[in-house]
Amino acid sequence: MRKRVVVTGMGVLCPLGNDLDTAWRACRSGISGIDQITRFDPSELKTHIAGEVRNFQLPEILSPKDARKMDVLNHYAIAATEQALKDAKLTITEDIAEDVGVNLGVGIGGEVSLENNVLLMQEKGPSRLSPFFVPMILPNMAAGHVSLTFGTKNYNAVTLSACASSSHAIGDACRHIERGDAKVMIAGGVEGALTKLCLAGFSAMRALSTRNDEPKKASRPYDRDRDGFVFSEGAAVLILEELEFALARGARIYGEVAGYGVSSDAHHISAPTVEGPSRALKNAMRDAGITPEQVHYVNAHATSTPMGDINELTAIHQVMGDASSQVSVSATKSMTGHMLGAAGAIEAVFSLMAIQDNYVPPSINIENIDPDCMMDVTPNIGKDRQVDIAVSNSFGFGGTNATLVFRRYV
């Protein structure tokens, strides 16, 4: 019999704030976390704006000596996990370590360390490379360092599927618990690849917004004048538990992971279709055993690209059918920017908080709504409404799609 999976803790580092409460308050209020880049000089590039994690402090559990052996990606992963475990009031003791696993989504990997060491080798030769260079750049070390730091002894891996990575990681982590292979999974996503090379690469694709003079207004899904996504970084970690395990220890429950659906529409390296997202949504709803009439909120993948936003909205509309008029949609990337491999995780957090507060956050920066929008996209101002079931979509390069369904726990 399939075991039920609930969320008992959440940790957040993102452009809206470095903890759950701060980030959710900003999201509720429609505050943008996008600003001028401070991490490096972007003047040579067409895009000068991003969603940075600001005022980050290393967690106390991580010594400065150990931190120097890691990429910033791993700093973020450990910090968000520490928050989530504290929020869940869960300590990983030897008694439960073998029942606790880790699955984090990563889109790119230790890009900061990769670029720094390439430049160092060019300038001073290969003998100056850090002996920790290889583990610094390996994407799976985000999960590896979390496991090492907190003492987990079950599944330990990273899911890498571009911008769908952390939604896949959460969904796949649920499968481990549902099958009885684990009782607790540390799941979510992390991205720390805000570097000059990565920004230049996305800029070369003409994928990024160049609204440099108005950074707060740059990420604008569903606006007629949107011109691309805003590159962001951060981490979001969820503590997933088998329901009976959570109840036995008296855990507070944010909600239940009720469904998970995937699909592929690999016709193009980056351009999304309508059919692929539609199938992922249908599969997730079937897995959850729900009908369109039961869905109250969809946290859309909507990145602020001309084609992607409308294709996804069309897919949602097709699946929801006559119930479309009763579904609220919003694009929280309008505030966070696009956190790449961590996007699905932060949007999972916001979906669960929408259920907690019975509140749909807004899609901000909609000054001239795209006339092709055929659903309520919650323009500019969030709203109070009953949210018992929330859906979160994530799509990635290569035609990989994932949809999660969250349900109020009763």
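Everything below is about the structure shown above.
To keep things clear, this report deals only with the structure shown in the data block. Just so we're clear, the structure is a prediction, and the values are computed from it rather than from any experiment.

## Here we look at the pattern of salt bridges
Item 1. Using the criterion set out here, one finds 28 salt bridges in the structure.
Item 2. As a salt-bridge pair, Asp225 and Arg224 come within 3.5 Å of each other at their nearest N and O atoms.
Item 3. Given a relative accessible area of 49%, Arg224 falls into the partly exposed group.
Item 4. What emerges from the salt-bridge pattern is a single network uniting Arg211, Glu214, Lys217, Arg220, Asp223 and Glu367.

## Notes on unusual backbone geometry
Item 1. With a phi close to 55 degrees, Lys89 is a non-glycine residue in the positive phi region.
Item 2. Mapped onto the secondary structure, Lys89 falls in the loop between helix H3 (72–88) and strand E4 (100–106).
Item 3. Judged by relative accessible area, which is 70%, Lys89 ranks as exposed.
Item 4. Phi is positive for Ser304, which is not a glycine, with a value near 90 degrees.
Item 5. Locating Ser304 in the fold gives a position in the loop between strand E9 (297–299) and helix H11 (306–320).
Item 6. We classify Ser304 as buried; its relative accessible area is 0%.

## Brief notes about the packing of aromatic side chains
The relative placement of two aromatic rings is captured by the distance of their centres and the angle of their planes.
Item 1. Scanning all chains against the criterion turns up five aromatic pairs.
Item 2. Ring geometry for Trp24 versus Phe350: centroids 5.9 Å apart, planes at 35 degrees, classification tilted. Of the two residues, Trp24 is situated in helix H1 (residues 20–29) and Phe350 in helix H13 (residues 343–357); the sequence distance between them amounts to 326 residues. The exposure classification of Trp24 matches that of Phe350, with both residues buried.
Item 3. Following the ring pairs from residue to residue traces out a cluster consisting of Phe202, Phe229, Phe231 and Phe397.

## Structural notes on the sheet that holds strand E8 (residues 255–264)
Item 1. Read across the sheet, ten strands follow the order E5-E4-E6-E7-E1-E8-E14-E13-E9-E10 without closing on themselves; strand pairing throughout is mixed. A single partner strand is all that each edge strand has here, and the edge strands are strand E5 (156–159) and strand E10 (328–330). The mean angle between the axes of side-by-side strands here comes to 25 degrees, regardless of whether they run parallel or antiparallel.
Item 2. Alignment of E8 against strand E14 (residues 400–407), held across eight bridges, turns out to be antiparallel. Across the sheet, residue Gly259 finds its bridge partner in E14, namely Val405.

## A few points about the packing of H1 against H13
Item 1. Viewed as axis vectors pointing N to C, H1 and H13 meet at an angle of 75 degrees, and their least axial separation amounts to 11 Å. Comparing the axis directions of H1 and H13 gives the class roughly perpendicular. Contacts from Leu20, Ala23, Trp24, Cys27 and Arg28 in H1 reach Val349, Phe350, Met353, Ala354 and Asp357 in H13.
Item 2. A class-by-class count of the residues in the contact of H1 with H13 yields eight nonpolar, no polar and two charged.

Analysis parameters
- Residues numbered from 1 in each chain as written.
- Predicted model: local features only at pLDDT ≥ 70, side-chain atom pairs only at ≥ 80, totals over all residues.
- Heavy atoms only, no water.
- Salt bridge = Lys/Arg side-chain N within 4 Å of Asp/Glu carboxyl O.
- Buried < 20%, exposed > 50% of the residue type's maximum accessible area, 1.4 Å probe, protein only.
- Helix = DSSP H or I, 4+ residues; strand = E, 2+ residues; numbered from the N terminus.
- Phe/Tyr/Trp six-rings, centres within 6.5 Å; stacked < 30°, edge-to-face > 60°.
- Pairing = 2+ DSSP bridges.
- Axes fitted to C-alpha atoms, helices over the stretch in contact; angles between N-to-C directions.
- Parallel < 35°, antiparallel > 145°, perpendicular 65-115°, else oblique.
- Contact = heavy atoms within 4.5 Å.
- Nonpolar A, V, L, I, M, F, W, Y, C, P; charged D, E, K, R; others polar.

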